[in-house]
Amino acid sequence: MEDSIQNIAGQFAFEPVIEHEDKLKPAQSFIVGGMGGSHLSAGLLKIIDPSVDLYIHRDYDLPTPVSDWHKKSLHIASSYSGNTEETLDFAEKAFAGGYNLAVISTGGKLIEFAKQHSIPHIVLPRANMQPRVALGVSLIALAKLVGGDMFVKKIQGEGLKLDPLRWKEVGGSVAEELKGKIPVIYSSRQNLALAYSWKIKCNETAKIPAFYNVLPELNHNEMNGFDVIKSTKKLSNDFSFIFLEDDQDHPKISRRMNVLKKVYEDRGLSVKTVPLTGSSVFEKVFNSLLLADWTALSLSRVYETEPEQVPMVEEFKKLIS
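Residues numbered from 1 in each chain as written. Predicted model: local features only at pLDDT ≥ 70, side-chain atom pairs only at ≥ 80, totals over all residues. Heavy atoms only, no water.

A.B. asks: Please set out the pattern of salt bridges residue by residue, giving values where relevant.
C.D. replies: Overall, the coordinates contain 16 salt bridges when judged by the stated rule. K201 is paired through a salt bridge with D293; the nearest N and O atoms lie 2.9 Å apart. A residue pair is termed long-range when its members are at least 10 positions apart, and K201 in helix α9 (residues 192-206) and D293 in helix α12 (residues 281-303) qualify at 92 residues. The salt bridge partner of D266 is K262, with a shortest N-O separation of 2.9 Å. Here the residue D266 and the residue K262 both occupy positions in helix α11 (residues 251-266), the gap between them amounting to 4 residues, near one helical turn. In terms of burial, D266 and K262 fall into one category: exposed. (Salt bridge = Lys/Arg side-chain N within 4 Å of Asp/Glu carboxyl O. Helix = DSSP H or I, 4+ residues; strand = E, 2+ residues; numbered from the N terminus. Buried < 20%, exposed > 50% of the residue type's maximum accessible area, 1.4 Å probe, protein only.)

The following block contains the structure:
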């Protein structure tokens, strides 16, 4: 896992090739079907370029309603392993419906399906890493399908300059503050995918419970669950709240974050601010992701968990097969 984090900049040297590119039709919008770490890059792309009309589907079948929306969209089935059954179902339904379809994967059944039916596809480099840390190659492949070569070059130029080691010590410090606590990550709605990525890394790398939510919605419900009184104080004590602050957030969202932090602190809750730093949106996103990676890896060492594999996921897959 440590090697994967340190080598993330190298992922942006990946040059994606679309097999059967001639089969691609022009698209006005994009529907990405993927689960777990395989859809993270789609959420991040929406932060990096909000102008892209992109919907993320995390389920079996196709999103409803099946209408003109599907006819004008490129359906992108993304599964790092190529064997995710929900994503395979998504691809099969899109193909059966005659919709514009492309595939992103390292191999497995999904690439076999694409080759069998001459479906446009990008084969990701097969490397010894988990989908949650393969975001460089996944993002490059998605950028190729969504925005073409110019979009790819732009992302490559920024990605190759990343400095992962810059965040290693900081991640260790954050982990020390989170020791014995359950992380809850808060962000603006526009940075939802980033907060969700923090949560996933804590779940899969550190093997601990972690949750996320977004403002302003959580101000209307979730925060009421932490209005500490004598009978509920014990329930709240184990949580620690991480606020992902972005200087590009709406001023009213920034105000809400500041007020909520004080409200929580006044109730004795653990609160930490993690600002998004960088000279571009891309840099802010990946600096935060790297900090999340180092934090989760450090927490794994604190709790002596295995940071790379996801045995509970594999156990569950066997039980439902």
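After presenting the structure, the write-up continues.
A.B. asks: Can you break down the side chain of S240 residue by residue, with the values?
C.D. replies: Inspection of the secondary structure assignment puts S240 in strand β8 (residues 239-245). For S240, a relative accessible area of 2% gives the class buried. There is a polar contact of 2.8 Å between the side chain of S240 and the side chain of S270. With residues up to four places along the chain from it excluded, the contact list for S240 reads L178, K181, I182, P183, V184 and S270. (Polar contact = N/O pair within 3.5 Å; in protein donor to acceptor, adjacent residues only side chain to side chain. Contact = heavy atoms within 4.5 Å.)

A.B. asks: I'd like to hear about the nonpolar core, residue by residue, with values.
C.D. replies: Among the nonpolar cores identified, the biggest contains 69 residues, and I76, L244 and F286 are the most heavily contacted of them. No other element matches the 12 residues that helix α7 (residues 135-159) contributes to this core. Setting aside its immediate chain neighbours within four residues, L244 contacts I185, Y186, S187, L194, A195, W198, D249, M257, V274, L276 and S288. (Core = buried A, V, L, I, M, F, W, Y, C linked by side-chain atoms within 4.5 Å.)

A.B. asks: Would you mind going over unusual backbone geometry in detail, with residue names and values included?
C.D. replies: Note the cis peptide between T64 and P65, where omega equals 0°. With respect to the helices and strands, P65 occurs in the loop between β2 (54-57) and α4 (68-72). At the junction of L215 and P216, the peptide bond is cis and its omega measures out at 10° in the coordinates. Relative to the elements of secondary structure, P216 occurs in the loop between β7 (211-215) and α10 (233-236). Of note in this structure, K207 is not a glycine but carries a positive phi near 65°.

Interpretation note: all reported values are geometric properties and have no functional meaning in isolation.
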